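Fold and geometry: a report
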Amino acid sequence: PIFRPAWRTDLMHFAMSHLLVQVTVLLTLVPATLLFAWAVYPGLQRAVQAQPLLLQVVEIVIVADLAEYIVHRAFHRVPWLWRFHEIHHSAQALDWLAASRLHLVDIVVTRGLSFVPLYLLGFSPPALYGYLVFVSFHAVFIHANVRFRFRAIEWLVVTPRFHHWHHAAEPEAVDRNFAVHLPVIDRLFGTCYFPDGRWPATYGLGDRTVPDGWLRQLLWPFRRGARLA
């Protein structure tokens, strides 16, 4: 259903994420430009920018997804990071709006660390803008509540069915499918779970519960006596 449980909470996440987009962009770009300026090699950046624009976009997708895979897996493995990421996984009904259910700390850390290799390699601004447009639509798409089969591409590009298994509550699917764009990364690192033709039966955190409401979820990871796992 369109108005499924907790849709107001996710709508608030959507609104706040977009209202704060300028702030989050600043918070994610500053660490790379301030902390890693010493590692910039102008010759490498000139060579990267001299490549065709389309090739740069493809390279950005690969580099960014490798970085995001590492960060995403850390959010699942490191207890204090999981406090923030479990907000995203608390959605029990998955659709395009649930893609916005992200804690501010999760957004800043993930985007900030993922941007570091892109900054060091020095991809041209048009290529980066092209990637940002792609990832904005793709992030919503992979959370969408659709039942289409993308047989020709589902082993090449992350599709809704692949990412839905990342959110599944079934024990065999927990901590699987970390890649955001390229399923091959999960296959390389042994974290792929993609049963043929099947969709998850349930989503969420199992017996774990997170309170409803945007503000409550923003404060939830900082609560006194928070569980670390």
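Below: a short report on this structure.

What counts and how
- Residues numbered from 1 in each chain as written.
- Predicted model: local features only at pLDDT ≥ 70, side-chain atom pairs only at ≥ 80, totals over all residues.
- Heavy atoms only, no water.
- Core = buried A, V, L, I, M, F, W, Y, C linked by side-chain atoms within 4.5 Å.
- Buried < 20%, exposed > 50% of the residue type's maximum accessible area, 1.4 Å probe, protein only.
- Helix = DSSP H or I, 4+ residues; strand = E, 2+ residues; numbered from the N terminus.
- Contact = heavy atoms within 4.5 Å.
- Phe/Tyr/Trp six-rings, centres within 6.5 Å; stacked < 30°, edge-to-face > 60°.
- Axes fitted to C-alpha atoms, helices over the stretch in contact; angles between N-to-C directions.
- Parallel < 35°, antiparallel > 145°, perpendicular 65-115°, else oblique.

Let us look at the nonpolar core. Judged by nonpolar contacts, the single largest core of 19 residues is most densely connected at I60, L118, F123 and Y131. When residues of this core are traced back to their parent elements, those giving at least two are helix 4 (53-77), helix 6 (104-121) and helix 7 (125-143). What L118 contacts, discounting residues up to four positions off in sequence, is I60, V63, A64, F123 and L128. Among the nonpolar cores identified, the runner-up in size contains nine residues, and I142, F162, V180 and F194 belong to it.

Under the definition given, this model contains eight aromatic pairs. For the pair Y69 and F189, a centre-to-centre distance of 5.0 Å together with 25° between the ring planes defines the contact as stacked. Remark: F189 occurs in helix 9 (residues 183-189) and Y69 occurs in helix 4; sequence separation between them is 120 residues. For Y69, a relative accessible area of 4% corresponds to the buried category. Counting every residue linked through ring pairs, the aromatic cluster contains Y69, F178 and F189.

Packed helices, taken two at a time, are described by their axes: the angle between them and the distance between them. At a minimum axis distance of 6 Å, the contact between helix 4 and helix 5 (residues 79-89) shows a crossing angle of 100°. Here helix 4 is positioned roughly perpendicular relative to helix 5, judged by the angle of their axes. Of helix 5, the residues touching helix 4 (which contributes H72, A74, F75, H76 and R77) are P79, L81, W82, F84, H85 and H89.

Honestly, it's all geometry; don't read function into it.
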